[in-house]
Amino acid sequence: MTSHHPIAVIGAGLGGLALARVLHVNGIRAAVFDLDASPAARAQGGMLDMHVESGQAALRAAGLFEEFRAIVHAGGEATRILDKDATVLMENDGEDGERPEVSRGALRDILLDSLPEGTVRWGAKVTGARTLIDGRHEVTLADGETFTTDLLIGADGAWSKVRPLVSGAVPAYSGLSMVELSLLDADIRHPEAAGVVGGGMLFALSDEKGFLAHRDTDGSLHVYAALKTPADWATSGIDFTDTEAAKASLLAHFDDWDKRLRVLVSEADGPLVPRPIHALPVGHRWERVPGVTLLGDAAHLMSPFAGEGANLAMLDGAELATAFAAHPGDIETALAAYELALFPRSESAAADSAASLDLCFGPDASQALVDLMAGHHVAGAID
């Protein structure tokens, strides 16, 4: 038999969990479905800077602000900007910043632990969704099971299975690819790399490429090597199944860079993971479709160079839940109110993110980033 859930959230990322938590705070139950087999099925990424007006506001609405403060990475807002010769162009300790750094995994755990047992169904990979004649929506899972819902919320990321119900837009390749890697126990095992990164965030940019790195709370370094490449570079340009060969191929793009920066790749522990950067069109929006909406990357996937993705996803979730609580029994009014605020704020953030990508990988990028940060008095981060 097909089961029915009044509210179904697809995706147990930060946005979907923030939505479920704020709904719970307001006495509203939601069912969350996630493709991962368990909460620990895969690594959740590195550090996030939580913005006052978005991520922190969502945590306050969720009643989890003190729990968030308890996991803040002291000193994590420190920022260094270097050129390709490892010359320090700007450095600050981040002590006056308003965007504290936290581990994405630890933040997700706080949200998960705040939900009633059984809220999230793990191992539930959505393969499709359709609108039924009666206005409800039917969702199909990879195991063949189906369920129906009165309200379907796509919090399922870049390649959302819910998005086609409201929009024909698909993410486009930005022209930039990143390669993710880690250096474990850096102060002991990788002192040269630890020294160049410092205590927080590193930007080393030049020649339309660069390294972006930050120190995690466990003492490891989380690193992204970034460069402009063809769209198929990650699948045909480098054999990422051979880690040492992949290191050599990647380093060939940085052959005239300082050794202290090249060790971020040469000494990496574990595999190198390609991350081509895609984005939805700036200003992506849709006409109101009864009983369905999107949040987070499903709604406004953007490049990570304004640090907005996770923050906006959490704010989306909190505001959507708040709209439901403000309009009990009136789904359409709640969705219309949510989308009215969603569209302009996500358009503004996406435009900023696209502009930041162009700046970070354009001519004289390091100095341009120094000038930008000096003008805005903010610490830099990627999401």
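See the structure printed just above.
What comes next concerns the included structure. (Residues numbered from 1 in each chain as written. Predicted model: local features only at pLDDT ≥ 70, side-chain atom pairs only at ≥ 80, totals over all residues. Heavy atoms only, no water.)

Some remarks on helix H8 (residues 243-251)
- Those residues of H8 that sit buried are Ala246, Lys247, Leu250 and Leu251. Projected onto a plane normal to the axis of H8, the buried residues spread over an arc of 125° and lie on a single side.
- Packing partners of the buried residues in H8 comprise strand S11 (172-183), strand S14 (221-228), helix H7 (233-237), helix H9 (259-266) and strand S15 (269-279). (Buried < 20%, exposed > 50% of the residue type's maximum accessible area, 1.4 Å probe, protein only. Helix = DSSP H or I, 4+ residues; strand = E, 2+ residues; numbered from the N terminus. Arc of directions from axis to C-beta. Contact = heavy atoms within 4.5 Å.)

Remarks on unusual backbone geometry
- One non-glycine residue, Asp207, lies in the positive phi region at around 55°.
- Looking at the element boundaries, Asp207 is found in the loop between strand S12 (201-206) and strand S13 (209-215).
- For Asp364, which is not a glycine, the phi torsion comes out positive at approximately 50°.
- On the basis of relative accessibility, which here comes to 57%, the residue Asp364 falls in the exposed class.

Some thoughts on the packing of aromatic side chains
- Applying the stated criterion across every chain yields a total of eight aromatic pairs.
- With a centroid separation of 4.2 Å and an interplanar angle of 10°, the aromatic rings of Phe33 and Phe147 are classed as stacked. Taken together, the positions of Phe33 in strand S2 (residues 31-33) and Phe147 in strand S10 (residues 146-154) put the pair 114 residues apart, joining distant regions of the chain.
- Taking relative accessible area as the criterion, Phe147 reaches 0% and is therefore assigned buried.
- With 5.4 Å between their ring centres and 55° between their planes, Phe65 and Phe68 make a pair best called tilted. You can see Phe65 and its partner Phe68 sitting in helix H3 (residues 65-69), three residues apart, about one turn around the helix.
- Look at Phe68 and you get buried, because its relative accessible area is 0%.
- Members of the aromatic cluster, each reached through a chain of ring pairs, are Phe211, Phe254 and Trp257.
- The residue whose ring lies beneath Lys209 is Phe254, and the NZ or CZ to ring-centre distance is 5.7 Å. (Phe/Tyr/Trp six-rings, centres within 6.5 Å; stacked < 30°, edge-to-face > 60°. Lys NZ or Arg CZ within 6 Å of the ring centre and 35° of its normal.)

Examining the pairing of strand S5 (residues 88-92)
- Where strand S4 (residues 79-82) meets S5, four bridges bridge the pair, whose relative direction is antiparallel. Note that in S5 the partner of Ile81 across the bridge is Met90.
- The hairpin formed by S4 and S5 contains five residues between the paired strands, and Ala86 there has a positive phi angle of roughly 65°. (Pairing = 2+ DSSP bridges.)

Details of the pattern of salt bridges
- With the rule as written, the count across this model stands at 20 salt bridges.
- Across the pair Glu138 and Arg130 runs a salt bridge, and its minimum N-O distance is 2.7 Å.
- For Arg288, the salt bridge goes to Glu332, with nearest N and O atoms at 3.0 Å. Taken as a pair, Arg288 in the loop between S15 and strand S16 (292-294) and Glu332 in helix H12 (residues 331-360) lie far apart in primary sequence, 44 residues in all.
- Since its relative accessible area comes to 26%, Arg288 is described here as partly exposed.
- One network of salt bridges, in which partners are shared, links Lys84, Asp207 and Asp256. (Salt bridge = Lys/Arg side-chain N within 4 Å of Asp/Glu carboxyl O.)

Details of the sheet that holds S5
- In space, the seven strands of this open sheet follow the order S5-S4-S12-S13-S14-S11-S15, with mixed pairing throughout. Strands with a single pairing partner mark the edges of an open sheet, and in this sheet they are S5 and S15. The mean inter-strand angle of the sheet, taken between neighbouring strand axes irrespective of direction, is 15°.
- Two elements, S11 and S14, share eight bridges in a ladder whose sense is antiparallel. In the sheet register, Leu183 faces S14, and the bridge partner there is Leu221. (Axes fitted to C-alpha atoms, helices over the stretch in contact; angles between N-to-C directions.)

Things to note about the nonpolar core
- Judged by nonpolar contacts, the single largest core of 62 residues is most densely connected at Leu19, Ile153 and Phe324.
- Here Ile153 is in contact with Ile7, Ala8, Val9, Ile10, Leu19, Thr293, Leu295, Leu320 and Phe324, once residues within four sequence places are set aside.
- Residues Val179, Ala194, Ala213 and Ala268 belong to the second largest nonpolar core, which totals 33 residues. (Core = buried A, V, L, I, M, F, W, Y, C linked by side-chain atoms within 4.5 Å.)

Re the side chain of Arg163
- If you trace the backbone, Arg163 turns up in the loop between S10 and S11.
- Buried and unpaired, Arg163 has no salt bridge, with Asp156 as the nearest side chain of opposite charge at 6.8 Å.
- Residues within four places of Arg163 in sequence aside, it is in contact with Gly157, Ala158, Ala169, Pro171, Leu280, His284, Leu294, Asp297 and Ala298. (Lys, Arg positive; Asp, Glu negative; His and termini not counted.)

Here's the deal with the packing of helix H1 (residues 14-25) against helix H4 (residues 104-113)
- Remark: H1 packs on H4, axes separated minimally by 9 Å, with the N-to-C direction vectors making an angle of 25°. Here H1 is positioned roughly parallel relative to H4, judged by the angle of their axes. Considering the relative orientation of H1 and H4, their crossing is left-handed. Residues Leu14, Leu17, Ala18 and Arg21 of H1 form the contact with H4, whose own contacting residues are Arg104, Leu107, Arg108, Leu111 and Leu112.
- Across the contact of H1 with H4, the residue classes tally to six nonpolar, no polar and three charged. (Parallel < 35°, antiparallel > 145°, perpendicular 65-115°, else oblique. Left-handed = near helix turned anticlockwise from the far one by under 90°. Nonpolar A, V, L, I, M, F, W, Y, C, P; charged D, E, K, R; others polar.)

Things to note about the environment of Thr140
- With respect to the element layout, Thr140 can be found in strand S9 (residues 137-141).
- Once the C-alpha coordinates of Thr140 and Ala350 are considered, the two residues, 210 residues apart in sequence, prove to be 31 Å apart.
- Sequence-distant contacts of Thr140, defined by excluding residues within four places in its chain, comprise Lys125, Val126, Thr127, Gly128, Glu145 and Thr146.

Such coordinate-based values are descriptive only and should not be taken to indicate function.
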